[in-house]
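Residues per chain are reported as follows:
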Amino acid sequence: MARTVSIGTQDFEKMIQRNCFYVDKTGFIKEWWESEDEVTLITRPRRFGKTLNMSMLNCFFSNKYADRGELFEKLEIWKDGKYREIQGTYPVIFMSFAEIKQNNYNDAVEKIKRIVCEVCQQFEFLKNWDGLTEIEKKNISNISYNMSDVMAQDLIKNMSNYLSRYYGKKVIILLDEYDTPMQEAYVNGYWEELVAFTRSLFNSTFKTNPYLERAIMTGITTAEYSAVRKFAKQTSNGSAKAETMSKESIFSDLNNLEVVTTLTPKYETAFGFTEEEVFRALDEQGLSDKKNDVKIWYDGFRFGSKNDIYNPWSIINCLDKKKIALYWAESSSNGLINSLVQKGSSNIKMMVEELINGSTINVPIDEQIVFSELDYSEDAVWSLMLASGYLKVVSSEELNLIRESDNEYELALTNREILFMFKKMILRWFSPAKSETNEFIKALITGDIESMNEYMNDVALNTFSSFDSGKHTSEKKAPENFFHGFVLGLMVDQSENYIITSNRESGFGRYDIMLEPKDKQTQKYPGIVIEFKVINPRKENSLEETVEAALKQIEDRNYDAELINRGENKENIHHYGFAFKSKEVLIDGR
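Throughout what follows, the structure given in this document is the object of discussion. (Residues numbered from 1 in each chain as written. Predicted model: local features only at pLDDT ≥ 70, side-chain atom pairs only at ≥ 80, totals over all residues. Heavy atoms only, no water.)

Attention now moves to the overall build of the chain. Tallying secondary structure elements over the chain gives 21 helices and 20 strands in all. The 590 residues of the chain split such that 53% are buried. Here the contacts in the chain between residues at least 6 apart in sequence split such that 71% fall between residues at least 24 apart. Accessible area for the chain stands at about 26,400 Å²; split by element, carbon and sulfur atoms hold 45% of it. (Helix = DSSP H or I, 4+ residues; strand = E, 2+ residues; numbered from the N terminus. Buried < 20%, exposed > 50% of the residue type's maximum accessible area, 1.4 Å probe, protein only. Contact = heavy atoms within 4.5 Å. Areas by Shrake-Rupley, 256 points an atom, 1.4 Å probe, with all protein chains shown as cover.)

What follows covers the side chain of Thr-180. By the secondary structure assignment, Thr-180 is in helix 8 (residues 180-188). If we ignore the near neighbours within four places in the chain, the residues touching Thr-180 are Phe-97, Ala-98, Ile-100 and Lys-101.

All right, on to empty space enclosed by the protein then. Using the criterion set out here, one finds two cavities of 30 Å³ or more in the structure. Put simply, the largest cavity is a space of about 90 Å³. For the largest cavity, the lining is made up of 14 residues, of which Thr-261, Thr-262, Glu-367, Ile-369 and Ala-387 are closest to its centre. It is helix 15 (residues 378-387) that provides the largest number of residues to the lining of the largest cavity, a total of three residues. Classifying every residue of the lining of the largest cavity gives six nonpolar, six polar and two charged. Lining the second largest cavity we find Pro-45, Thr-262, Gly-300, Phe-301, Arg-302, Phe-303, Leu-386, Gly-389, Leu-391, Lys-392 and Val-393. Secondary-structure elements contributing two or more residues to the lining of the second largest cavity are strand 9 (301-303) and strand 12 (391-396). Counted by class, the lining of the second largest cavity contains six nonpolar, three polar and two charged residues. (1 Å grid on protein atoms, 1.4 Å probe; cavity = no way out; pocket = protein on both sides within 12 Å on 5 of 7 lines; lining within 4 Å. Points joined across faces, edges and corners; volume = space filled by probe spheres on them. Nonpolar A, V, L, I, M, F, W, Y, C, P; charged D, E, K, R; others polar.)

A word on the sheet that holds strand 8 (residues 273-274). Two strands in a sheet stick together by hydrogen bonds in their backbones, pointing the same way (parallel) or opposite ways (antiparallel). Here we have three strands laid out as an open sheet, ordered 8-10-9, and antiparallel in their pairing. Lying at the two open borders of the sheet, with one neighbouring strand each, are strand 8 and strand 9. As paired elements, strand 8 and strand 10 (residues 306-310) share two bridges and run antiparallel to each other. Pairing of Phe-273 across the sheet is with Tyr-310, part of strand 10. (Pairing = 2+ DSSP bridges.)

Take a look at the structure:
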């Protein structure tokens, strides 16, 4: 009989007691325990079973679950007698930072204090134990939401001390979603303040804690931040200010940390579902005929060297609803990724074009995500997108020790669900001018130059600012960013009718956009070549001169060549010149 599929249950005890659908991941317990790593950080994309696995570890090791072996007796870990002896024998401190999403530093620290306070108040019984000194008992009594920063930062270590003496065993510490507050700090501009507080908390909890047996942290990223540090430098003319770059990491003091990212060959099948697990689940739920569709939509993740890892959130929703749909992609606003692409450079948008077209990109990847570099480093953007699950590794180049270069990876969109997510995201960029955009595309196809000019200027006015990074975008870069965002919008909107490419070699030069009709027989849709130019004041006195230069370039450099070679009739090819001056656009064609 098929088990009930429970959506959103992250409590291991509930899952087992209710006999809900569960994929056995207890092998992770043995793999982690036998690694002998003191402090482990594991990063995986959101909704990949991190919280459920941490709940499983808590149920297995915590002495609150002593004599609760029935939770594990049907699972893999229970086959090993050694682990039956370990179950329920350790004091465990289990906490989660998942709820820390405050938009300012003071509220974030207050929330951290509340979480630490509530976790430690579970052990309030210790203040009645004669094994503690009066000062230690008073420390427990003084635990409150209003405690000082220093008390909060030392509280987990102090509680580890008391628990280890009370139970005669060192403590296991589990911290889930450690990086949620760090991501909020980056987005809301208080990273440097929070990293100082958190570094002290983590140093006390994980580094200088002699009462710690083992610890695990989970998150999406290995959060770091590059900061400009100023120092005084003495010169012959006196004192002068100089600057240097330094990475600000909450883990700077932790030399006992084992970091396991999506690229690390460790715990490869502990998070997410393998293909065998997915196909067994589909058989159990009577969905055997959907295996191929499920693979296309939800497969594609790779952890370490293990391919064919499936997104568990989409799988359990598919099992429950019995249909293919956007599940994982719709479970978050994807706000940070959206902003990085929308406000990113022309090159980022062009590479997203390649990805949407089904091609791959080759980029260096740094597993240590440096949040502040997202503002100016394209490599950091791709690294975040890989860590977050939007991209997958197709192949990789080994670290070149001679050139001392970063590993270069060939990346692609993870699966069809992610492709659809990006398409929906791009279409939303133009929602402020949706009707104008639709009318413009109609005019583009029919050759209505007057309407194209009318609607394009409305589109530009409504959407230019959304592509502006806000970092003093130049008169030239602003239209370039809009232009490449517009290309992405065209690609998504007209993907059924056209093959759309941009900035490719054709004839004797480069065209900016080429729209190749998929149906070349009926000639319902014309071939289209668009040349984009920003006015050059040294050569041109008006937008009219710029647009004429654009059209002349299309003809002089024979940009029609590729369309004709692919079977398009020369008489059915439209040429358009787009001339930009700041946010003003002029279009002409022939």
